[in-house]
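Listed here are the chains, written in short residue letters.
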Amino acid sequence: MPVFSLDPAQTAWCAELRALAAERLRPLAEKGEPGHVNRPLVAALGELGLLGRLFGAGALELCLMRESLAQVCTEAETALALQGLGAHPVAASGTPGQRARWLPEVGAGRAIAAFALSEPGAGSDAAALAMEAVPDGPGWRLTGEKCWISNAPEADFYSVFARTTPGAGAQGVTAFLVPADRPGLSGGPLDMLSPHPIGSLLFDGVPVGPDDVLGEVDRGFRVAMTTLNLFRPSVGAFAVGMAQAALDAALAHTAERAAFGGALKDLQAVSHQVAEMATRTEAARLLVYAAAAAYDEGAADVPKRAAMAKLLATETAQYVVDAAVQLHGARALRRGHLLEHLYREVRAPRIYEGATEVQRTIIAKELYAT
Ligand SMILES: Cc1cc2nc3c(=O)[nH]c(=O)nc-3n(C[C@H](O)[C@H](O)[C@H](O)COP(=O)(O)OP(=O)(O)OC[C@H]3O[C@@H](n4cnc5c(N)ncnc54)[C@H](O)[C@@H]3O)c2cc1C
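Residues numbered from 1 in each chain as written. Predicted model: local features only at pLDDT ≥ 70, side-chain atom pairs only at ≥ 80, totals over all residues. Heavy atoms only, no water.

J.: Before we move on, can you summarise the overall build of the protein chain with the specific residues and values?
T.: Within the protein chain, the secondary structure is distributed over ten helices and ten strands. Its C-alpha atoms give the protein chain principal-axis dimensions of roughly 80 × 50 × 40 Å. In the protein chain, which comprises 370 residues, the proportion classed as buried is 52%. Here the analysis covers contacts within the protein chain between residues at least 6 apart in sequence; of these, 74% occur between residues at least 24 apart. For the protein chain, the computed accessible surface area is about 16000 Å², with 55% contributed by carbon and sulfur atoms. Both charge centroids of the protein chain, one from 32 positive and one from 40 negative side chains, sit 3 Å from each other. (Helix = DSSP H or I, 4+ residues; strand = E, 2+ residues; numbered from the N terminus. Buried < 20%, exposed > 50% of the residue type's maximum accessible area, 1.4 Å probe, protein only. Contact = heavy atoms within 4.5 Å. Areas by Shrake-Rupley, 256 points an atom, 1.4 Å probe, with all protein chains shown as cover. Lys, Arg positive; Asp, Glu negative; His and termini not counted. Charge placed at Lys NZ, Arg CZ, Asp CG, Glu CD.)

J.: Would you mind going over helix α6 (residues 220–256) in detail, with residue names and values included?
T.: With 37 residues, α6 should cover 54 Å at 1.5 Å per step; its first-to-last C-alpha distance of 54 Å lies within 8% of that length. Remark: the principal bend of α6, roughly 30°, maps to F231, with a proline, P233, within the next four residues. Burial analysis of α6 places 28 of its 37 residues in the buried class, which makes it a mostly covered element. (Expected span 1.5 Å × (residues − 1). Bend = angle between axes of the 7 residues up to and from the residue.)

J.: Which residues make up the pattern of salt bridges, and what values go with them?
T.: Taken as a whole and judged by the stated rule, the model has 18 salt bridges. Residue R53 pairs with E61 through a salt bridge whose shortest N-O separation is 2.7 Å. Residue classification places R53 among the partly exposed residues on the basis of a relative accessible area of 35%. One salt bridge connects E105 with R110, and the closest N-O pair in it is separated by 3.0 Å. (Salt bridge = Lys/Arg side-chain N within 4 Å of Asp/Glu carboxyl O.)

J.: Just give me the short version of the site of the ligand, but keep the residues and values in it.
T.: In the neighbourhood of the ligand, 19 residues make up the surrounding shell, with F115, S118, S124, W148 and S150 lying closest. S124 is positioned with one of its side-chain polar atoms (N or O) 2.7 Å from an oxygen atom of the ligand. At a separation of 2.9 Å, a nitrogen atom of the ligand approaches a polar backbone atom of W148. In isolation the ligand offers 970 Å² of accessible surface; the protein chains occlude 66% of this area. Secondary-structure elements contributing two or more residues to the shell around the ligand are β3 (139–150) and α10 (356–368). Each residue belonging to the shell around the ligand can be placed in one class, and the counts come to ten nonpolar, seven polar and two charged. (Near = heavy atom within 4 Å. Polar contact = N/O pair within 3.5 Å; in protein donor to acceptor, adjacent residues only side chain to side chain. Nonpolar A, V, L, I, M, F, W, Y, C, P; charged D, E, K, R; others polar.)

J.: Which residues make up the packing of aromatic side chains, and what values go with them?
T.: Applying the stated criterion to the full structure yields three aromatic pairs. Each ring, one from W102 and one from F157, has its centre 4.5 Å from the other, and the planes form 40°; the classification is tilted. On the criterion of sequence distance, the pair formed by W102 in helix α5 (residues 96–108) and F157 in strand β4 (residues 157–163) is long-range, its members being 55 residues apart. Each member of the pair W102 and F157 is classed as buried. Both rings, one in F115 and one in F161, keep their centres 5.1 Å apart while their planes meet at 55°; by these two values the pair is tilted. Of the two residues, F115 is situated in strand β1 (residues 113–116) and F161 in strand β4; the sequence distance between them amounts to 46 residues. One exposure class covers both F115 and F161, and it is buried. Here the basic side chain of R101 rests over the ring of W102, its NZ or CZ set 3.9 Å away from the ring centre. Geometry around Y319 places R280 over its ring, the cationic atom sitting 3.7 Å from the centre. (Phe/Tyr/Trp six-rings, centres within 6.5 Å; stacked < 30°, edge-to-face > 60°. Lys NZ or Arg CZ within 6 Å of the ring centre and 35° of its normal.)

J.: How would you summarise the nonpolar core if you had to cite specific residues and measurements?
T.: Residues L45, L142, F161, F176, V178 and F203 are the most contacted members of the largest nonpolar core, which totals 107 residues. Residues contacting L142, with those up to four places away along its chain left out, are M131, E132, A133, V160, A162, F176, V178, F203, D204, G205, V206 and V208. (Core = buried A, V, L, I, M, F, W, Y, C linked by side-chain atoms within 4.5 Å.)

J.: Please set out the environment of R331 residue by residue, giving values where relevant.
T.: Secondary-structure assignment places R331 in the loop between α8 (302–328) and α9 (338–345). Taking relative accessible area as the criterion, R331 reaches 40% and is therefore assigned partly exposed.

J.: Run through unusual backbone geometry, naming residues and quoting values.
T.: Cis rather than trans, the peptide bond between A152 and P153 has omega equal to 0°. In this fold, P153 is placed in the loop between β3 and β4. Positive phi is not limited to glycine here, since W148 has a value of about 60°. Within the secondary structure, W148 is located in strand β3.

J.: Give a detailed account of the state of the cysteines, specifying residues and quantitative values.
T.: According to the stated counting rule, one finds zero disulfides in the structure shown. Residue C63 stays outside any disulfide, its sulfur separated by 11 Å from that of C14, the closest cysteine. For C63, a relative accessible area of 1% gives the class buried. (Disulfide = S-S within 2.5 Å.)

J.: So, the pairing of β4: which residues are in play, and what are the values?
T.: Most of β4 is tucked away: seven of the seven residues are buried. Burial along β4 is two-sided: the residues F157, S159, F161 and R163 and Y158, V160 and A162 are all buried. Pairing of β1 with β4, which is carried by four bridges, proceeds in the parallel orientation. For A113, the partnering residue across the bridge sits in β4 and is F157. Strand direction decides the pairing type here: β4 and strand β5 (residues 173–179), joined by seven bridges, are antiparallel. From the neighbouring strand, R163 faces β5, where its bridge partner is V173. (Pairing = 2+ DSSP bridges.)

And the structure:
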């Protein structure tokens, strides 16, 4: 399949996803409470079979879902993505027992998943994480804090990364599957600019056993990076979907808004701005598809391409959404306007799953590696 164009079946599927998002998901998203998990919306994503496609599906399929949903309903897009992010460590590294317990529930939208890596003292430098896993009988007790965790504290289970070997950096981290009802686990919401639910988690001697380990002891950083290599291009796809929504809005508005005896689009400064927005959006889309295709082919340069796709697409979306706000004037800033919503949504992806600067660091490291 050439990555520079989708085949007719993929194009039709994207149109179908956009229609489902408008008819079935948007009304549920509108009933949700900002900052809280919208369980009816997640259940609908399950009923429509979209969550079931998260595991085993390729990166390109994930990207097409994220881009298409984001164009119409960012809440549905993010709810889908977070189920994938939180449960991918289980799907990729879990035991048959862990997979059987949780993946059908995640796929049906009945169990909410979350990915708990970041800490107050370890964000971009995730290998500096300090959450302690102290040996206790055959298992461990987890003590420490996680913060900026999407879906926390309302998730039903967490993929948690904790230090089993002190002082060993990335080599001493283990991934654990922690159900939310474990004793000693508490949390609270964080009020963020980003509209989806985010919170912090406090672990006070939370017991975990060998059956809760995801993958191997001291190999948990690889579990995290495997998940991020898949999800980074798809964050780019989310950004491309938002950029396309902003571009479509700008096209419609500038074609009909009367000013200076014509439509706004008759001003060359305006039409050239729209042309620039469209060109950059298309370039970002192609880089995302190429990175996803490279992932699906098992290409050697996935980390570099995933980083490039996430970097370009999230920065482009910020530019396009900002330009669309400018072209709309005051109405874009009114609470509840599509662009007011996108303006809030578009900011965080430049920071999470590796900030823009961290993507540049990854790209440079790969370029200079021989
Ligand atoms: C909306 C949202 C949702 C999130 N969801 C989750 C989640 O579900 N799970 C989870 O584990 N985490 C989550 N996070 C946390 C996110 O992964 C971290 O915010 C991110 O890793 C950056 O860490 P930090 O915020 O501590 O910034 P810091 O690491 O303190 O970095 C601050 C800034 O310093 C600069 N910088 C950092 N490193 C470098 C470098 N190497 N070179 C140059 N400049 C650099 C960048 O500009 C960066 O933005 C979420 C964050 C947000 C905003």
